[in-house]
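Structural characterization, general
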Amino acid sequence: MAEIVEFVNRGAAAVTPMIVEKMLRHLPQWKLEFTQIYEPLFPHLVDQLEFLANAVEDTAEGAYKELPYVAFAQAVFALIYSHKKVGIIPDSVLNLGRADDSSVVRAVLIQNEKSFAIYAATQNLEWSKVTSQP
């Protein structure tokens, strides 16, 4: 998992305001695409992506101002990475195509557990339902 954490941290460090702006324009469509993910091996992935997308939107729009920038940037990176069809493991690989996406998302959630748990509480969500499990 250390390699994935390092990968996420490097990717998040490259997130710029222009990247965020571009991603936000596409995020409503991506959210719809994320709901179409069916990966029995990663049953929480759709909910985790939706959670990160909502946190990013709320933070970018100023509706939530408490999310640390590092958590925001990592969430942006995870969303962009998960939207790509070709990653460390291409999404088309049967049963494993979303393993890398799940690992990236989990790394973001685990590294920022306290911050995201606070955000979840402000949204009346149980943090335990936004699990960091695959």
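Here the structure is shown first, and the text comes after it.
Here goes a summary of the coordinates provided. (Residues numbered from 1 in each chain as written. Predicted model: local features only at pLDDT ≥ 70, side-chain atom pairs only at ≥ 80, totals over all residues. Heavy atoms only, no water.)

Let us now look at the packing of aromatic side chains. Under the defined criterion, the tally for this structure stands at eight aromatic pairs. Ring plane angle 70° and centroid distance 5.7 Å describe the contact between Phe51 and Phe116, whose orientation is recorded as edge-to-face. Taken together, the positions of Phe51 in helix H3 (residues 45-60) and Phe116 in helix H6 (residues 113-122) put the pair 65 residues apart, joining distant regions of the chain. Across the pair, exposure class does not vary: Phe51 and Phe116 are buried alike. Among the aromatic residues, those joined into a ring-pair cluster are Phe51, Tyr64, Phe116, Tyr119 and Trp127. (Phe/Tyr/Trp six-rings, centres within 6.5 Å; stacked < 30°, edge-to-face > 60°. Helix = DSSP H or I, 4+ residues; strand = E, 2+ residues; numbered from the N terminus. Buried < 20%, exposed > 50% of the residue type's maximum accessible area, 1.4 Å probe, protein only.)

The terminal C-alpha atoms of helix H5 (residues 99-111), which comprises 13 residues, lie 18 Å apart, in line with the 18 Å expected from a rise of 1.5 Å per residue. Turning to H5, its buried residues number three or more, namely Ala99, Asp100, Asp101, Ser102, Ser103, Val104, Val105, Ala107, Val108 and Leu109. As for H5, its buried residues are in contact with helix H1 (2-13), H3, helix H4 (69-83) and H6. (Expected span 1.5 Å × (residues − 1). Contact = heavy atoms within 4.5 Å.)

To continue, consider the pattern of salt bridges. Across all of its chains, the model carries three salt bridges by this definition. A salt bridge links Glu21 to Arg25; its shortest N-O distance comes to 3.6 Å. Of the two residues, Glu21 and Arg25 both sit in helix H2 (residues 17-35), four residues apart, roughly one turn of that helix. By relative accessible area, which is 49% here, Glu21 ends up partly exposed. A relative accessible area of 55% means that Arg25 is categorised as exposed. The closest approach of N and O atoms between Lys31 and Glu57, which form a salt bridge, is 2.8 Å. (Salt bridge = Lys/Arg side-chain N within 4 Å of Asp/Glu carboxyl O.)

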